[in-house]
Amino acid sequence: MRGLEVTVVVLAAVLAMTWLARRLRWNEPVLLVAGGCLIGLTPEFRRLVLPPEVVLLLFLPPLLYWESLSTSLREIRKNVRAIVLLATGLVLATAAAVAAVGHALGLSWPLAFVLGAVVAPTDAIAVATVARGLPRRIRTVLRAESLINDGTALALYAVVVGVAVQGQAVTWTGTAARFLLVYAGGVAIGAACAVVVVALRRRLHDRLVESALGVLTPFATYLPAQASGVSGVLAVVTCGLMLSQAGPKVISAGARVQITAFWEVSTFILNSALFVLVGIETPAIVGAIGSVPPGHAAGTALLVSGVVIATRLLWLYSVPYLIRAVDRRPVQRTLRSGARQRFPIAWSGVRGAVSLAAALAVPATTVAGRPLAGHGLLVFTAVTVILVTLVLQGTTMPAVIRWAGLRGDPDETDEERRAHRQIVTAALEALPDHADRLETPSETADAIMSELRLHAAEDAGLPDTTGPGVRAELELRRALIGVKRAALIRLRDQRSIDDIVLRRLQSLLDSEEIRVELALRSFTGRPPPPPAGGAAGPRGGAPGE
């Protein structure tokens, strides 16, 4: 089947399964995978093979880039120890535990370690999906872990694949040096790319060119790192985190709005398409397990899935407590959580596209040309682990969050209110000087000052009042925005104004609607539905590149 036909079918499946999942309130990744499985059972798709480089180059860089751009660097710094332990120590522990079980079930030690490296990392996109509703700190720890642990797992993967396929010798010194090179090289290339991008952005003043640079950045960062033999994943993550800090200073407002909207749509499509492709590949992988008896293959896959889940649970309920006994600093005590609140972190080890790509990239033959024994079982086990974690952990995560008594982070709303008060206060203080310098008429300056004071008094910018009266006012404003939009469209339909005028005025209505929606989030914790009388404007996104 040609690539264009595959693209159309996958996109149609993404739209249909996403709509159905939201309509029925089901877990989206699970339904996307199920839809992909149904497609994979059709004759036209039974022979479809997803090249690993497609995932590693086309999908992974933009998805990781956007995740790193929209992650809180402050929370990463505050929780760096927990993140490093999960992203390195837990990955290595999981790989070792899976290797031990795989070898006991008949795999050679090199191939067993390949399997361990394949299923060790959590998936950034799947984790972000199941972590919705968690407090900001936990959500950031999980997202940062899944961003970084890919580098650990893929570095280990490169070493053990060389052993399994090419018979390379392994030494502790050589392996440690390889890990150090992969990590340090990836971080260095990512930092260098971020510096170059910031320098270019300071010289660009065209919104479209700025946006195009934002699209190019993750690929231009990933490729040099991979070509140099270091971690492209860590390069992209480092670049994204650095640009999340420098971006607001060098990106124009128009380019930021444009590129944020682009990344929100494109990452949604790429993320959902990956789950569909996992489903499409599943029937063919099940049929390619070779001479291994189906019962043995299923038992091996399920046992490895249990080991992956159990290792994470054991790690989260042992290592942190050992560290607590050693580190008694007051600042660390403030970051501690109880056993019940820790369980959502332990239960969120969902695997995804990186594991699939790594499994498919394992050569089926050795360097000598002989078939690699156990290759089909390895790929089948990796896909089973992905499906088990998605279905078991992904579908039960909302109930786990409720059981743990965790809710969204109220500190975000408080910080938003404080920030709005301070920026409005700064504008009010600076207004007289700027009005004098620009020789602004006094009546104009007074009008702007009145508007700023009005913004300071509204819940959109955010005093401490969130009573029913404020909410009623905001709901009325939303309703009136819908009336304005309907009137504007009616003028266009009557040919009193043309489409250019409509778009200009509609952008102002969209900005007003976004401001009101942000205020209403303090009541509901989620964006309200669009106002009656017209389509909603663009949603506000994470601070973006």
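What you see as residue numbers is a count from 1 along each chain, following the sequence as written. For this predicted model, a pLDDT threshold of at least 70 governs which residues receive local features, and a threshold of 80 or more governs which side-chain atom pairs are given and counted, while totals over whole chains, interfaces and linings are taken from all residues. Water and hydrogen atoms play no part in the side-chain values, which are based on all heavy atoms of the structure.

**Student:** Now, about the overall build of the protein chain: what can you tell me, with residues and values included?
**Tutor:** For the purposes of this entry, the term helix denotes a DSSP run of H or I that reaches at least four residues, the term strand denotes a run of E that reaches at least two, and both are numbered from the N terminus. Scanning the protein chain for helices and strands turns up 22 helices and zero strands. Per-residue burial over the protein chain gives 46% buried out of 545 residues. Residues count as neighbours in contact if any of their non-hydrogen atoms are within 4.5 Å of one another. Put simply, 81% of the contacts in the protein chain that link residues at least 6 apart link residues at least 24 apart. Summing over all exposed atoms, the protein chain offers an accessible surface of approximately 26,200 Å²; the carbon and sulfur share of this is 65%. Burial status follows relative accessibility: with a 1.4 Å probe on protein chains alone, a residue under 20% of its type maximum counts as buried, one over 50% as exposed, and anything between as partly exposed. Reported accessibility uses the Shrake-Rupley method at a 1.4 Å probe radius. Residues are deemed covered only where the shown protein chains occlude them.

**Student:** I'd love a proper account of the pattern of salt bridges, names of residues and values included.
**Tutor:** Salt bridges, as used here, are contacts in which a Lys or Arg side-chain nitrogen is within 4 Å of a carboxyl oxygen on Asp or Glu. This model, assessed by the stated rule, comprises five salt bridges. A salt bridge links Glu-28 to Arg-22, with the nearest nitrogen and oxygen atoms 2.7 Å apart. The residue Glu-145 makes a salt bridge to Arg-312 at a minimum N-O spacing of 2.8 Å. On the criterion of sequence distance, the pair formed by Glu-145 in helix H8 (residues 136–166) and Arg-312 in helix H13 (residues 294–316) is long-range, its members being 167 residues apart. Taken individually, Glu-145 and Arg-312 each receive the classification buried, so the pair is uniform in this respect.

**Student:** Could you give an account of unusual backbone geometry, with specific residues and numbers?
**Tutor:** Among all residues save glycine, negative phi is the norm, and among peptide bonds the norm is trans. We note that Arg-25 has phi near 60°; this positive angle belongs to a residue other than glycine. Residue placement: Arg-25 occurs in the loop between helix H1 (3–24) and helix H2 (28–40). Even without being glycine, Arg-495 reaches a positive phi, approximately 65°. Take Arg-495: it is sitting in the loop between helix H21 (468–493) and helix H22 (499–524). A residue is classified by how much of its surface remains accessible, and Arg-495, at 79% relative accessible area, is exposed.

**Student:** I'd like a rundown of the packing of aromatic side chains, residues and numbers included.
**Tutor:** Ring geometry is summarised as follows: Phe, Tyr and Trp rings, the Trp one being its six-membered ring, pair when their centres sit within 6.5 Å, and such pairs are stacked at plane angles under 30 degrees, edge-to-face over 60 and tilted between the two. In the structure shown here, the tally under the stated rule is five aromatic pairs. An angle of 65° between the planes, with centres 5.8 Å apart, marks the rings of Tyr-65 and Trp-263 as edge-to-face. Remark: Trp-263 occurs in helix H12 (residues 253–286) and Tyr-65 occurs in helix H3 (residues 52–69); sequence separation between them is 198 residues. On the basis of relative accessible area, Tyr-65 is assigned to the buried category, the value being 1%. Seen in terms of ring centroids, Phe-262 and Trp-263 are 5.2 Å apart; in terms of plane orientation they differ by 65°. Their pairing is edge-to-face. Linked through ring pairs, Tyr-65, Phe-262 and Trp-263 together constitute an aromatic cluster.

**Student:** Describe helix H5 (residues 80–104), listing the residues and the values that go with them.
**Tutor:** A helix's residues, less one, multiplied by 1.5 Å, set its expected span. With 25 residues, H5 ought to run about 36 Å at 1.5 Å a step, and its terminal C-alpha atoms sit 35 Å apart, in line with that. One axis fitted to the seven residues ending at a residue, another fitted to the seven starting there: the angle between these axes is the bend at that residue. A maximum bend of about 30° is found in H5 at Leu-90. Along H5, the residues that are buried comprise Ile-83, Leu-86, Ala-87, Gly-89, Leu-90, Val-91, Thr-94, Ala-95, Val-98, Ala-99, Val-101 and Gly-102. Backbone geometry just after H5 places Gly-106 at a positive phi near 120°.

**Student:** Outline H2, listing residues and values.
**Tutor:** For H2, built from 13 residues, the straight-helix expectation of 18 Å at 1.5 Å per residue is met to within 8% by its first-to-last C-alpha distance of 18 Å. For H2, the complete set of buried residues consists of Glu-28, Pro-29, Leu-31, Leu-32, Val-33, Gly-35, Gly-36, Ile-39 and Gly-40. For H2, the elements touching its buried residues are H1, helix H7 (124–130), H12 and helix H18 (375–404). Under this definition, polar contacts are N or O atom pairs within 3.5 Å; protein pairs additionally need one hydrogen-donor-capable and one acceptor-capable atom, and for neighbouring residues in sequence, both atoms have to be side-chain atoms. Here H2 starts with a cap whose side-chain oxygen sits 3.1 Å from the backbone nitrogen of Val-30, and that cap is Asn-27.

**Student:** Tell me about a nonpolar patch on the surface, and name the residues and values.
**Tutor:** Two joining distances apply to patches: 9 Å for like charges and 5 Å for nonpolar side chains (Val, Leu, Ile, Met, Phe, Trp, Tyr), and every residue must have over 30% relative accessible area and no salt bridge. A cluster of nonpolar side chains, namely Leu-11, Val-265 and Ile-269, defines an oily patch on the protein surface of about 220 Å² accessible area. Position of Leu-11 among the secondary structure elements: in helix H1.

**Student:** Give a detailed account of the packing of H2 against H18, specifying residues and quantitative values.
**Tutor:** Each axis is a line fitted through C-alpha atoms, taken for helices only over the stretch in contact, and angles between the N-to-C directions span 0 to 180 degrees. Put simply, H2 and H18 touch, their axes get as near as 9 Å, and they point 145° apart. Considering how the two elements wind past one another, H2 and H18 form a crossing that is left-handed. Where H2 approaches H18, its residues Pro-29, Val-30 and Val-33 are matched on the opposing element by Leu-387, Leu-390, Val-391 and Thr-395. Three classes are used: nonpolar for Ala, Val, Leu, Ile, Met, Phe, Trp, Tyr, Cys and Pro, charged for Asp, Glu, Lys and Arg, and polar for all others, with Gly counted as polar. Of the residues assigned to the contact of H2 with H18, the class counts are six nonpolar, one polar and no charged. Take the far helix as the reference: if the near one is turned anticlockwise from it by less than a right angle, the crossing is left-handed, and if turned clockwise, right-handed.

**Student:** Break down the confidence of the model for the protein chain for me, with residues and values.
**Tutor:** Across the protein chain, pLDDT averages 82, with 87% of residues at or above 70. Across the protein chain, the element-wise mean pLDDT spans from 64 in helix H15 (residues 330–333) up to 94 in H13. How sure the predictor is of each residue is captured by pLDDT, a score from 0 to 100. Every residue in residues 459–466 is under pLDDT 50, and counting partners more than four places away or in other chains gives 30 contacts. Residue range residues 525–545 is modelled with pLDDT below 50. Its contacts to residues more than four positions away, or to other chains, number 56 contacts.

**Student:** Describe the state of the cysteines, and please don't skip the residues or the numbers.
**Tutor:** Note on terminology: disulfide denotes any pair of cysteine sulfur atoms within 2.5 Å. What the rule picks out here adds up to zero disulfides. With no disulfide of its own, Cys-193 has Cys-239 as its nearest cysteine by sulfur position, at a separation of 5.8 Å. A relative accessible area of 17% means that Cys-193 is categorised as buried.

**Student:** Tell me about the side chain of Thr-221, and please be specific about residues and values.
**Tutor:** Considering the arrangement of structural elements, one finds Thr-221 in helix H10 (residues 207–227). Apart from residues no more than four positions distant in its own chain, Thr-221 is found in contact with Ile-189, Gly-190, Cys-193, Ala-235, Val-236 and Cys-239.

**Student:** Just give me the short version of the environment of Val-161, but keep the residues and values in it.
**Tutor:** Its place among the elements puts Val-161 in helix H8. Put simply, Val-161 and Ala-117 are 44 residues apart on the chain and 9.5 Å apart in space, counted from C-alpha to C-alpha. In this view, Val-161 contacts Val-114, Gln-166 and Pro-363; residues no more than four positions away in its chain are not counted.

**Student:** Any chance you could break down the packing of H3 against helix H11 (residues 232–250) for me, citing the residues and the numbers?
**Tutor:** Look at H3 against H11: their axes get within 8 Å of each other, and the N-to-C directions meet at 35°. Considering only the axes of H3 and H11, their crossing is right-handed. Contact residues: Leu-60, Pro-61, Leu-64, Tyr-65, Ser-68 and Leu-69 in H3; Val-233, Val-236, Val-237, Gly-240, Leu-241, Leu-243 and Ser-244 in H11. Across the contact of H3 with H11, the residue classes tally to 10 nonpolar, three polar and no charged.

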